[in-house]
Amino acid sequence: IHTGRTLLPALAAAAIALLTLDAHAQSGATPTPRPATPRPATPNPVRVLTATPTPQPPIKVLVTRVGGPTPPPLRIVLRGSPPLLQTTQSSAQHNDDLIERRMQELRVYENEPVIPAVPDGKSVVDGKGSKEICPAEAPQERWSFWGSGTGQFISVDGHRGGYNATNTSGAVGVDYRVNRSLAIGITGSYTSTDVDITGGSASAGTGRGGVYGTWHDGPWYVDAAALGGGSSYDTRRWTPFGHADGSTSGSEFDVLFKTGYDIKAGSMTFGPIGSVRYTYVHINGYGENGPVGVDFNSTDANSVLLRLGGHVTAACKCGSIWVYPEVQVAWQHEFLDDCNSIDGSTPFGEFRLHGAHIGDDSVFVSAGIRAQFTPRISGNLFYDGDLARANYTAHSVTGGFTVSF
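Residues numbered from 1 in each chain as written. Predicted model: local features only at pLDDT ≥ 70, side-chain atom pairs only at ≥ 80, totals over all residues. Heavy atoms only, no water.

**Student:** If you had to explain the overall build of the protein to someone new, which residues and values would you point to?
**Tutor:** Check the secondary structure of the protein and you find two helices and 22 strands. When the 405 residues of the protein are sorted by exposure, 43% land in the buried category. Looking at the protein alone, contacts between residues at least 24 apart form 65% of all its contacts between residues at least 6 apart. As displayed, the protein offers around 19,700 Å² of accessible surface, 62% of which is attributable to carbon and sulfur atoms. (Helix = DSSP H or I, 4+ residues; strand = E, 2+ residues; numbered from the N terminus. Buried < 20%, exposed > 50% of the residue type's maximum accessible area, 1.4 Å probe, protein only. Contact = heavy atoms within 4.5 Å. Areas by Shrake-Rupley, 256 points an atom, 1.4 Å probe, with all protein chains shown as cover.)

This is how it looks when you write it as structure tokens:
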């Protein structure tokens, strides 16, 4: 008869062996026997289990024993643990892109309307005959309401923690033009996230809200925004003994600062841009329910993303509609991104789960079109891509509208 003190390590060793054999069965590899090495007897001996690498091995987790001297690391297979920090951070940064685009609309498109006012029917005589005239500029509306919908598709590769994620979001905002140089606004959004990872899945719902503003003096301009929100998460991992489910919540905060210089040449506007974004994400600890459920500790991550590049916008008229095509290309560098691991525990030890390594440098590409249907109603459609980044690719498609009043 075993006591609880000796039965638990035995069950743990059996589970680890089954998980390791399952990894070999999928890869077709055969474990290589290791010669026995004499070692001093301990109350709870711990062995090192290794598996032959495969082209896409499962996520590796480092486990250390709780209490007493720490034995040699024990590596086990833990499939399907969701990358909650990375997906939340990607969603927050794309939300910043929406706010940044709205502030650019306020400066480039709406500050100096291209659509002329309807002639007022008055005429003047200048000695060469009479001619009809109209005001030089249409009356400027101070209030605007805007909305947008986005689909974002993320793919993360790598021999540890690769996954695919989809973010579907909707955002709305109201802004007010204080004067011709300054505009301020408030915004709110909701994002639904679905994550597909080998051996598991996750879903999340995130609500965000914040304030933003843009100011310009001639060609120089400054944009700023501050947003925060909360998320709820549901996770599921599949194991040889059944699935393990978990749920938790989290919060986030991010700040955006951007500056640039707009050069106007005929119907074109172009110039350099530079921005810095800080994003903080926190996820509360939670425990899984299931035959082999584990406990994940609370965790957080910080990101500082620098973006340097340029943009060009043109104006052309198609019938009665003014159309503005736009392209933006920028280099991005991540300074802090530390959301690559999460700690947790089981009844027989602690572990650290390492996710896929994501590169620090990438190229941001944005291309789209904005159409001014009437002096008060416009629409837009844009593609955004986060490209040339090690183990990470993101594509987004966004459509939106603006109504001024």
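**Student:** Go over the pairing of strand E18 (residues 341-346), please, and point to the residues and values.
**Tutor:** Every second residue of E18 is oriented toward a common face, the buried set being Ile342, Gly344 and Thr346 and the non-buried set Ser341, Asp343 and Ser345. The sheet contact formed by strand E14 (residues 295-296) and E18 spans two bridges and is antiparallel. Counterpart to Asp295 in the pairing with E18 is Ser345. Pairing analysis gives six bridges linking E18 to strand E19 (residues 349-354), with the strands arranged antiparallel. Residue pairing for E19: Gly344 is matched across the bridge by Phe351. (Pairing = 2+ DSSP bridges.)

**Student:** Give me a nonpolar patch on the surface: which residues, what numbers.
**Tutor:** Together, Trp143, Phe145, Val172, Phe373, Ile377, Phe401, Val403 and Phe405 give the surface a local cluster of nonpolar side chains, amounting to about 700 Å² of exposed area. Mapped onto the elements, Phe405 comes out in the segment after strand E22 (392-404). Judged by its relative accessible area of 48%, Phe405 is partly exposed. (Patch = residues over 30% accessible without salt bridge, like charges linked within 9 Å, V, L, I, M, F, W, Y side chains within 5 Å. Salt bridge = Lys/Arg side-chain N within 4 Å of Asp/Glu carboxyl O.)

**Student:** Mind laying out the nonpolar core, listing which residues take part and the relevant values?
**Tutor:** By size, the foremost hydrophobic cluster in this structure holds 24 residues, and its most contacted members are Leu84, Ile154, Val156, Tyr163, Ile283, Phe296 and Tyr392. Breaking this core down by element, the ones donating at least two residues are helix H2 (84-109), strand E5 (143-156), strand E6 (163-177), strand E7 (182-197), strand E8 (200-217), strand E12 (268-283), E19 and E22. Residues Met103, Leu106, Tyr212 and Ala225 belong to the second largest nonpolar core, which totals eleven residues. (Core = buried A, V, L, I, M, F, W, Y, C linked by side-chain atoms within 4.5 Å.)

**Student:** Explain the packing of aromatic side chains residue by residue, including any values.
**Tutor:** Tallied over the full model, the rule gives five aromatic pairs. Ring centres 4.7 Å apart and planes at 50° place the aromatic pair Trp143 and Tyr176 in the tilted group. Of this pair, Trp143 sits in strand E5 while Tyr176 sits in strand E6, and the two are 33 residues apart along the sequence. Aromatic side chains Trp220 and Tyr261 sit 4.7 Å apart centroid to centroid with 75° between the ring planes, which places their arrangement in the edge-to-face category. With a gap of 41 residues between them, Trp220 in strand E9 (residues 220-239) and Tyr261 in strand E10 (residues 242-261) connect regions that are remote in the sequence. Classification of Tyr261 as partly exposed rests on a relative accessible area of 28%. An aromatic cluster is present here, built from Trp143, Tyr176 and Phe405 joined pairwise through their rings. Taking NZ or CZ as reference, Arg101 lies 4.2 Å from the ring centre of Phe382, over its face. Across the ring face of Tyr221, the terminal group of Arg107 is positioned such that the distance to the ring centre comes to 3.6 Å. (Phe/Tyr/Trp six-rings, centres within 6.5 Å; stacked < 30°, edge-to-face > 60°. Lys NZ or Arg CZ within 6 Å of the ring centre and 35° of its normal.)

**Student:** Can you tell me about the pairing of strand E20 (residues 361-372), naming the residues and giving the values?
**Tutor:** Bridge analysis of strand E17 (residues 321-334) against E20 gives twelve bridges, and the strand direction is antiparallel. Within E20, the position partnered with Tyr324 by the bridge is Arg370. Connecting the antiparallel pair E20 and strand E21 (residues 377-389) is a turn made up of four residues.

**Student:** Lay out the environment of Pro240 in plain terms, naming residues and giving numbers.
**Tutor:** Relative to the elements of secondary structure, Pro240 occurs in the loop between E9 and E10. For the pair Pro240 and Pro291, spaced 51 residues apart in sequence, the C-alpha separation works out to 9.5 Å.

**Student:** Residue-level account of the side chain of Ser303, with values.
**Tutor:** Within the fold, Ser303 resides in strand E15 (residues 299-314). Among the polar contacts listed, one links the side chain of Ser303 to the side chain of Gln93, at a separation of 3.2 Å. (Polar contact = N/O pair within 3.5 Å; in protein donor to acceptor, adjacent residues only side chain to side chain.)

**Student:** Please set out the pattern of salt bridges residue by residue, giving values where relevant.
**Tutor:** Any two side chains of opposite charge can pair, given that their charged atoms come close. With the rule as written, the count across this model stands at 13 salt bridges. Arg370 serves as the salt-bridge partner of Glu105, at 3.8 Å between the closest nitrogen and oxygen. With Glu105 in helix H2 and Arg370 in strand E20, the pair connects residues that are 265 residues apart, well separated along the chain. Overall, the relative accessible area of 1% leaves Arg370 in the buried class. For the salt bridge of Arg389 with Asp386, the shortest nitrogen-to-oxygen distance reads 3.7 Å. This pair shows no difference in class: Arg389 is buried, exactly as Asp386 is. Shared partners join several salt bridges into a network, and the residues in it are Asp97, Glu100, Lys258, Arg277 and Arg307.

**Student:** Requested: an account of the environment of Cys318, with residues and values cited.
**Tutor:** Within the fold, Cys318 resides in strand E16 (residues 316-318). A relative accessible area of 46% places Cys318 in the partly exposed class. Between the alpha carbons of Cys318 and Ala371 there is a distance of 9.6 Å; along the sequence they are 53 residues apart.

**Student:** Now, about the state of the cysteines: what can you tell me, with residues and values included?
**Tutor:** The tally for this structure, following the rule as stated, stands at zero disulfides. Cys318 takes part in no disulfide bond, and the closest cysteine sulfur to it belongs to Cys316, at a distance of 4.7 Å. (Disulfide = S-S within 2.5 Å.)

**Student:** Any details on unusual backbone geometry? Residues and values, ideally.
**Tutor:** One non-glycine residue, Ala388, lies in positive phi territory at about 55°. For Asn391, which is not glycine, the phi torsion reads 65° and is therefore positive. Inspection of the secondary structure assignment puts Asn391 in the loop between E21 and E22. When its relative accessible area of 30% is taken as the criterion, Asn391 is described as partly exposed.

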